[in-house]
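# Survey of secondary and tertiary structure
Listed here are the chains, written in short residue letters.
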Amino acid sequence: MAVSPPLFSRVPGALFGPLAGGHASLYWTLLATFYHHEFEREPFFLIRSVVLDTAEELVRESPLWSERRDELLALAEEVGESAEPAIDEGALLRATARRLVARLEAAGWFHFEYRSAVGDVLNFYPYAARILEALVRVARDEQPLFQGYAHSIASLLRPEVFAARPGVSLSEARRHTLDMVRELKILDRNIYSSTQRLLDTVGTASGVLEEGLDHYRHAVLANYHRLKTVDNLYKWRGEILRRLDDIEADTRARDAAVRWYAEQLGLDAAAAGAAVAADLRLLRMQFETLPQLIDDIDARNARFSGVALRKLMYLLRQDTRTEGQLQRIVDALSRDQAPDLVFDVYRCELLADGFLYAPARRRPRPEPQPLARRPADTGDLRRDIAPRLRRPFSRSRVEAFVEGLLGARATARLAEAAPENDTDYVRLIYTVAYGLDGRSPYRFEAERTPSAERLERRGIYGFPRGFLGHRRKT
């Protein structure tokens, strides 16, 4: 596949002409409105009369109609028409709208198709619709959901989904992966751009807050927050890499993907196999290098936060602190906004005979000292540590306690193990719990008493009335 695909073999060379001239904002308004009517509303035909009425209304509302009317009226020559004599305001407006629509049609954005039932209908060319979709998202500053990308990739590579349609799943996973990495890089560039704006153009405390709270929060912080919390890509990364290992080892699934690639892309078996291998390699490479990209985003975000804080402190304190005064002088000098200044620098001890300044002295770095290990008797140490490592209320210990409590008796009241302290009370809780779950050689049975009398008390501790007894063998 060529690195630079031939764009203008599929797109007319004059396509972007209307969006590159002095009336670009008006042409864009027309295109965005037609796109919205065609693709973002309930289905209906956009007939020529509606197109012209809409264009006329948009021209009337445009500042260009009142500020640069003569230029708009001169568009007749650009579309090959002869200028019409001025009749009235409405006729001039409609003629201008017709010429604007004609230029967009001639540039290759859309064409009119005749349909017997309704008349001439506006149709966007396929390439124009896709280009407009991207431009509209850019104009709206829409931000992607990283969770959607990662979830889609992981879903496409799941065994049951991939086994059903290997070729489609691999192709779509590749597309979503490239989209996700592109948006991560855009996020990285957005953080860099915001930091540069803070350094280069923002000169007031309110400007710092506006950049940090408004623009940065919308374009960067919302996405960055999702990336580090609910959209954390690391929780998907391991699963996706494991699935790639399984797919590379699954000969049957890879053969099915090769057949689909060959049929879809018109390739022979060898070229289709190479394309499948290249896509698998691309997926692995992108997810293996993902931590580097995210680390770079983290570093840039931390730098933005530091720059915003220091800039805000500088702007708020520059009139009261010597540090702020010096920084303001340096900023002015770096931008060639201050006259040349001559500084005479002297050592502090030369200012006066009795100057009290003492220059800082470098302290010797302490040398590392090995820790002396005290000899210890391993037997005594083991006897001291082992009881602390054993669980004090393990099932075996509680069962031994109950066996000692019962002795030769068949049953005993729980009150006989009434607690004297917190440790006894916790052990009593485990005793009742183990006696109820059916997995211990003893059982606990509660007394059938009114609810007000179901608890016994020993000091501050309360526990249920009941009996402990040996469990019957079945």
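The structure this text deals with has already been given above.
Now for a look at the structure at hand. If you're wondering where the values come from, they're calculated on a predicted model, not measured in any experiment.

## Details of the packing of helix α18 (residues 395–406) against helix α19 (residues 422–436)
At a closest axis distance of 10 Å, the pairing of α18 and α19 adopts a crossing angle of 90°. Classed by the angle they form, the pair α18 and α19 counts as roughly perpendicular. On the side of α18, the interface is formed by Arg395, Val398, Phe401 and Val402, while α19 contributes Arg427, Tyr430, Thr431 and Tyr434. Taken together, the residues of the contact of α18 with α19 break down into 5 nonpolar, 1 polar and 2 charged.

## Quick look at the packing of helix α10 (residues 166–200) against helix α14 (residues 269–288)
Close contact between α10 and α14 brings their axes to 10 Å; oriented N to C, the two are set at 35°. Along this stretch, α10 crosses α14, giving a crossing that reads as left-handed. The segment α10 lies against α14, with Leu170, Ala173, Arg174, Thr177, Leu178, Met180 and Val181 engaging Val276, Asp279, Leu280, Leu282, Leu283, Gln286 and Phe287. Each residue belonging to the contact of α10 with α14 can be placed in one class, and the counts come to 10 nonpolar, 2 polar and 2 charged.

## Side note on the pairing of strand β6 (residues 461–464)
Relative to β6, strand β5 (residues 455–458) runs antiparallel, the two sharing 4 bridges. Each bridged residue has a counterpart across the sheet, and for Leu455 the counterpart in β6 is Pro464. In this structure, the hairpin formed by β5 and β6 is closed by a connection of 2 residues, where Gly459 is found at a positive phi of approximately 70°.

## As for the sheet that holds strand β4 (residues 442–446)
Spatially, β3-β7-β4 is the arrangement adopted by the 3 strands of the open sheet, whose pairing is antiparallel. Among the strands making up the open sheet, the edge pair consists of β3 (411–413) and β4. Recorded for the sheet is a direction-independent mean angle of 25° between the axes of neighbouring strands. In this sheet, strand β7 (residues 466–470) lies alongside β3 in antiparallel orientation, the contact comprising 3 bridges. The residue of β7 that forms the bridge with Thr411 is Gly469. Across the sheet, α18 is in contact with β3, β4 and β7; its angle to β7 comes to roughly 95°. Against the sheet, α19 contacts β4 and β7, and its axis sits at roughly 100° relative to β4.

The rules behind the values
Residues numbered from 1 in each chain as written. Predicted model: local features only at pLDDT ≥ 70, side-chain atom pairs only at ≥ 80, totals over all residues. Heavy atoms only, no water. Axes fitted to C-alpha atoms, helices over the stretch in contact; angles between N-to-C directions. Helix = DSSP H or I, 4+ residues; strand = E, 2+ residues; numbered from the N terminus. Parallel < 35°, antiparallel > 145°, perpendicular 65-115°, else oblique. Contact = heavy atoms within 4.5 Å. Nonpolar A, V, L, I, M, F, W, Y, C, P; charged D, E, K, R; others polar. Left-handed = near helix turned anticlockwise from the far one by under 90°. Pairing = 2+ DSSP bridges.

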